[in-house]
Number of protein chains: 2
Amino acid sequence: MTDSRLQIAVVQCELRASRDENVSRIETLVREAANRGARIVLTPELFEGPYFPQVKDEAAFDLAAPVEGHPTIQRMQRLAKEVGVVLPISFFEEADGARYNSLVVVDADGSQLGVYRKSHIPDGPGYEEKFYFRAGNTGFRVWNTKHGRLGVGVCWDQWFPEAARAMALLGAELLLYPTAIGTEPATPNEDSRDPWRRVMLGHAVANAMPVAAANRIGVEDALTFYGSSFISDHRGEVVAELGRNEEGIAETTFDREALRKYRNNWQFLRDRRPDLYGVLTRNEPVE
Amino acid sequence: MTDSRLQIAVVQCELRASRDENVSRIETLVREAANRGARIVLTPELFEGPYFPQVKDEAAFDLAAPVEGHPTIQRMQRLAKEVGVVLPISFFEEADGARYNSLVVVDADGSQLGVYRKSHIPDGPGYEEKFYFRAGNTGFRVWNTKHGRLGVGVCWDQWFPEAARAMALLGAELLLYPTAIGTEPATPNEDSRDPWRRVMLGHAVANAMPVAAANRIGVEDALTFYGSSFISDHRGEVVAELGRNEEGIAETTFDREALRKYRNNWQFLRDRRPDLYGVLTRNEPVE
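All of these numbers come straight from a predicted model, not from anything done at the bench. (Residues numbered from 1 in each chain as written. Chains lettered and ligands numbered in written order. Predicted model: local features only at pLDDT ≥ 70, side-chain atom pairs only at ≥ 80, totals over all residues. Heavy atoms only, no water.)

### Some words on the relation of the copies chain B and chain A
Rotating chain B by 180 degrees about the axis while translating it 0.0 Å along that axis superimposes it on chain A, leaving an RMSD of 0.0 Å. These values place the two chain copies in the arrangement generated by a two-fold rotation axis. The C-alpha atom lying nearest the rotation axis in chain B is that of G202(B); the distance is 2.1 Å. Counting the interface residues of chain B, we find that 100% of their copies in chain A are interface residues as well, pointing to one common contact surface. (Least-squares fit on C-alpha atoms with pLDDT ≥ 70 in both. Contact = heavy atoms within 4.5 Å.)

Written as structure tokens, this is what we have:
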């Protein structure tokens, strides 16, 4: 990998239509992002259809499929190869006699680099993910793609500094989060858009690296997804973004050497104290 | 403890004068904060004098003193008792044949609750702390004071999400950071003020609790301290703040029951995955 720059785009759109229509819409946006020069293109969580975990419905289990022979992933592999972009693809995986909220990273030559399974699973009104998804068992992973070393979490993972830090320690130079988030049916006056961004801007600063998130837009039954997809620089500054209702692409470019120098200037990882962090990994009751 | 509210103030001032003048100035501001209703008052890091770690100078070792019989701490204990406020006091501690960047928490009755020693020690031009301070050996602590359960880190600790999370896991409902930060002599064009705030706003969101920091102002040799002390709410929104050159107090009040309900609504700690966080505590080389 010899890119001197990280060329990143996030895409945002409605995903209320059929699988074919949604995947075609995503494909169109990925092509446009590639035309604009992006080499890493982030798409929203579970973009094949409406956000089915909004309610508990066993019938939706049939939407899950194994990674092997998955038609949408294969289509994205062909697309990645054709236009030469890295594509982290969120999908509903059937495996281990259960289902996972998973992600496959497709490199710019169309090859699959492997699967990450969402580690943190939310559960609340409108986001009934514990009904559908077994908690991920892959652990955090970092992907050495043709255009950058990516750490990729999935949606709820983005609220956990542990996930971001783990990916930084594993060598990520960029953190990405496919997302599906909007209104909270149980607390309609709670607009989580700003906290949602702030927690990821915190990851950017704490790990001295860019962070990007791609969300969907549109109304799906009781949920209104708020878009606001963004790319933050390594100082937690939003440098590219989309609105709450905007379909499209936001892109930016980072100088990898400048990012490396910035990380060296701050040296956060030099000063960590793993000897004092035992409470973070303790599952037993804390005294 | 039966307070229904957290009544917090941060104080900010220059600290370039003699110890007596600086401590008197801090005392005046603490009294004013108490008059305004604050019950927890946060003061800047190492407020007894100029920020001596700006350069390496063994003569400054003589500024260190044991916690027992420490005149400034004793004065702050009398003040805390008189005006009825909790005071986390940053001081230069002599102990273990070495020196620490330490903090003693003084409860509102004037009693000492114990010492925390700064865990993360910076080192770079203008911030030569590894020359002065042994890395803290107390681990993170949470203080069950008469007016709230405080997690208190010291300055550089504020850049480490691990510290914030550890204090949240130990039961904190509020995070506080005495601070001394300003310009970077080696990178004069780098203004860290916004990243400095953002990383702590990230802690507020990730741990669903208020966060406050108190910084100094003024020019001390090669450093210009940028103040900007603030209090963030549990959503990462700055609700009280001071400017880059402003001497004074910023205060706010939180409803503890509302904070508890907000934490319950988000349930971040329910969904943590300590089984996947091993990399965070590993000191051996990462494969």
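### Some details on the sheet that holds strand β8 (residues 174–178) of chain B
Residue and element names in this part refer to chain B. The 6 strands are arranged β6-β7-β8-β9-β12-β13 in an open sheet whose pairing can be described as mixed. In this open sheet, the two edge strands, each paired with only one partner strand, are β6 (142–145) and β13 (238–241). For this sheet, the mean angle separating the axes of adjacent strands, direction not counted, is 20 degrees. Here 3 bridges tie strand β7 (residues 148–152) to β8, and the two strands are oriented parallel to one another. The residue of β8 that forms the bridge with G151 is L175. Where helix α5 (residues 193–207) meets the sheet, its contacts fall on β8, β9 (211–214), β12 (230–232) and β13, and the angle it forms with β12 comes to roughly 30 degrees. (Pairing = 2+ DSSP bridges. Helix = DSSP H or I, 4+ residues; strand = E, 2+ residues; numbered from the N terminus. Axes fitted to C-alpha atoms, helices over the stretch in contact; angles between N-to-C directions.)

### Overview of unusual backbone geometry
Phi at L46(A) takes a positive value of approximately 45 degrees, unusual for a residue other than glycine. According to the relative accessible area criterion, L46(A) is buried, its value standing at 5%. (Buried < 20%, exposed > 50% of the residue type's maximum accessible area, 1.4 Å probe, protein only.)

### Overview of the side chain of H234(A)
Residue placement: H234(A) occurs in the loop between β12 (230–232) and β13 (238–241). The contacts of H234(A), once residues within four sequence positions are left out, are A204(A), V205(A), A208(A), M209(A), P210(A), L259(A) and Y262(A).

### Digging into the interface of chain B and chain A
Taken together, the contact pairs 51 residues of chain B with 51 residues of chain A. In this assembly, chain B packs against chain A so that about 4,800 Å² is buried in total across both faces, 62% of it on carbon and sulfur atoms. For the chain B face of the interface with chain A, the top three residues by lost area are R198(B), W266(B) and L280(B), together amounting to 13%. Put simply, chain B and chain A have 10 salt bridges between them. (Buried area = accessible area lost by both parts, 1.4 Å probe. Salt bridge = Lys/Arg side-chain N within 4 Å of Asp/Glu carboxyl O.)

### Quick notes on the packing of aromatic side chains
All names here are of chain B. On inspection of all chains with the given rule, the structure shows 48 aromatic pairs over all chains. On the numbers, 5.8 Å between centres and 75 degrees between planes, the contact of Y51 with F225 is edge-to-face. Here Y51 is found in the loop between β2 (40–42) and α2 (71–83), whereas its partner F225 is found in strand β11 (residues 223–226), with 174 residues between them in sequence. If you follow R99 out to its NZ or CZ, it ends over the ring of F61, 4.1 Å from the centre. When the ring centre of Y100 is taken as origin, the NZ or CZ atom of R117, which lies over that ring, is 4.1 Å away. (Phe/Tyr/Trp six-rings, centres within 6.5 Å; stacked < 30°, edge-to-face > 60°. Lys NZ or Arg CZ within 6 Å of the ring centre and 35° of its normal.)

### Quick notes on the packing of helix α1 (residues 19–35) of chain A against helix α2 (residues 71–83) of chain A
Residue and element names in this part refer to chain A. Packing of α1 against α2 leaves a shortest axis separation of 11 Å and a crossing angle of 15 degrees. By the angle between their directions, the pair α1 and α2 is classed as roughly parallel. The hand of the α1/α2 crossing is right-handed. On α2, the residues touching R19, D20, V23, S24, I26, E27, V30, R31 and A34 of α1 are T72, R75, M76, L79, E82 and V83. The residue makeup of the contact of α1 with α2, split by class, is 7 nonpolar, 2 polar and 6 charged. (Parallel < 35°, antiparallel > 145°, perpendicular 65-115°, else oblique. Left-handed = near helix turned anticlockwise from the far one by under 90°. Nonpolar A, V, L, I, M, F, W, Y, C, P; charged D, E, K, R; others polar.)

### Overview of the packing of helix α4 (residues 161–169) of chain A against helix α4 (residues 161–169) of chain B
Between α4(A) and α4(B), the shortest axis-to-axis distance is 10 Å and the interhelical angle comes to 145 degrees. When you trace α4(A) past α4(B), the crossing you get is left-handed. Across the interface between the two elements, P161(A), E162(A) and R165(A) from α4(A) touch P161(B), E162(B) and R165(B) from α4(B). For the contact of α4(A) with α4(B), the class distribution of residues is 2 nonpolar, no polar and 4 charged.

### A closer look at the pairing of β6(B)
Residues and elements named next belong to chain B. Side chains W143 and T145 project from β6 onto a buried face, and the interleaved V142 and N144 project onto a face without burial. Where β6 and β7 come together, 4 bridges link them in antiparallel fashion. In the strand pairing of β7, V142 is matched with G151. Remark: 2 residues form the turn of the hairpin made by β6 and β7, two consecutive strands paired antiparallel.

### Considerations on helix α5 (residues 193–207) of chain A
Residues and elements named next belong to chain A. Look at α5: 22 Å from first C-alpha to last across 15 residues, which is about the 21 Å you get at 1.5 Å a residue. Counting buried positions along α5 yields 14 of 15 residues, so the element is predominantly enclosed. Among the residues trailing α5, A208 stands out with phi positive, at a value near 55 degrees. (Expected span 1.5 Å × (residues − 1).)

### A word on the pairing of β13(A)
All names here are of chain A. Two elements, β12 and β13, share 3 bridges in a ladder whose sense is antiparallel. Looking at the pairing, F230 lines up with E241 of β13. Remark: 5 residues form the turn of the hairpin made by β12 and β13, two consecutive strands paired antiparallel; G236 in that turn has positive phi of roughly 80 degrees.

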